[in-house]
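Given next are the chains, with one letter for each unit.
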Amino acid sequence: MKSLQVVVWGENVHERKSEVVRSVYPDGMHAAIADGLRENGLEDVTTATLDESEHGLPEERLESTDVLFWWGHCAHGEVADAVVDRVQKRVLEGMGLIVLHSGHYSKIFKRLMGTTCSLTWREAGEKERVWVCNPGHPIAAGIDRYFELEQSEMYGEPFAIPAPEEQVFVSWYQGGEVFRGGCCWHRGNGKIFYFSPGHETYPIYFDKTVRRVLANAARWAAPRGRWVDSCPNVPADQAAEPIINRGPRLHQDGDEGYR
Ligand code: ZN
């Protein structure tokens, strides 16, 4: 069986500008995320960053990508709309998308959700307890009732997302807030998972359980078939039960779709 082709996209800005972030992720967050996926048995994992031509996501590369991870924070606005358009198109066709942490405010996530995706937050290095809501879900496979991150950024409700189709995790923070931190949706033929842990000043992507969750998510989001949405016209004489055209018409047989 062909191995899953995974691309980890990282903004890679804070890692270069901030001494604090560089000390936690000397090779970049995208590299740590990719290492965690390989550690969990995914063989074909590569990375892409904002600075690369077309942000490392040219059309041919996305064509062969099964699952795309997305971590961004301070440079969401610098992501070209043409790249957002093509990622959206691939998700609708069936590519999986895993959106991490501050990626909740990325152009691609907001577009796919259709809402503002705003939340409340606090950077106080507090403990986070991630509870498994659905132990039978493939993304929670191998995870106990909960796991803890000693230092995390608080992300709290209200989280302005459409109601998740599946709630895999919910987080509790030392300061008392709770957050829907592990949510699934489908858009077109593609699967989307949002996972909230991942603030850049803490070594969260080195955590064994977080790495397991991300690998589980990649496998869950693997494409099933491909749906190219081309909106074709089906003339009356080619219907499953051929019929005769009647009444006034605006379009000719074989028109390029009703738009
Ligand atoms: Zn953060």
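Here's what I pulled together on the structure shown here. (Residues numbered from 1 in each chain as written. Predicted model: local features only at pLDDT ≥ 70, side-chain atom pairs only at ≥ 80, totals over all residues.)

**Here's the deal with the nonpolar core**
Grouped together as the largest cluster of nonpolar side chains are 58 residues, with contacts concentrated most on I33, W70, I98, A217 and A218. The element contributing the most residues to this core is helix α7 (residues 208-220), with seven residues. Setting aside residues no more than four positions away along its own chain, I98 makes contact with V67, F69, W70, F193, F195, L214, A217, A218 and A221. Of all hydrophobic cores here, the second largest spans five residues; its members include L119, M154, Y155 and Y173. (Core = buried A, V, L, I, M, F, W, Y, C linked by C-beta atoms within 7 Å. Buried ≥ 20, exposed ≤ 12 C-beta atoms within 10 Å, placed from the backbone. Helix = DSSP H or I, 4+ residues; strand = E, 2+ residues; numbered from the N terminus. Contact = placed C-beta atoms within 7 Å.)

**Things to note about helix α5 (residues 81-93)**
For α5, built from 13 residues, the straight-helix expectation of 18 Å at 1.5 Å per residue is met to within 8% by its first-to-last C-alpha distance of 18 Å. When we look at burial in α5, the residues that qualify are V83, V84, V87, R90 and V91. Projected down its long axis, α5 shows its buried positions confined to an angular sector of 130°, all on one face. Turned more than 90 degrees away from the buried face of α5, the exposed residues are D81 and A82. Those residues of α5 that are buried lie in contact with α4 (59-63), β3 (67-71), β4 (96-100), α6 (107-113), β8 (178-187) and β9 (190-195). One or two steps after α5, the chain reaches G94, where phi turns positive at roughly 140°. (Expected span 1.5 Å × (residues − 1). Arc of directions from axis to C-beta.)

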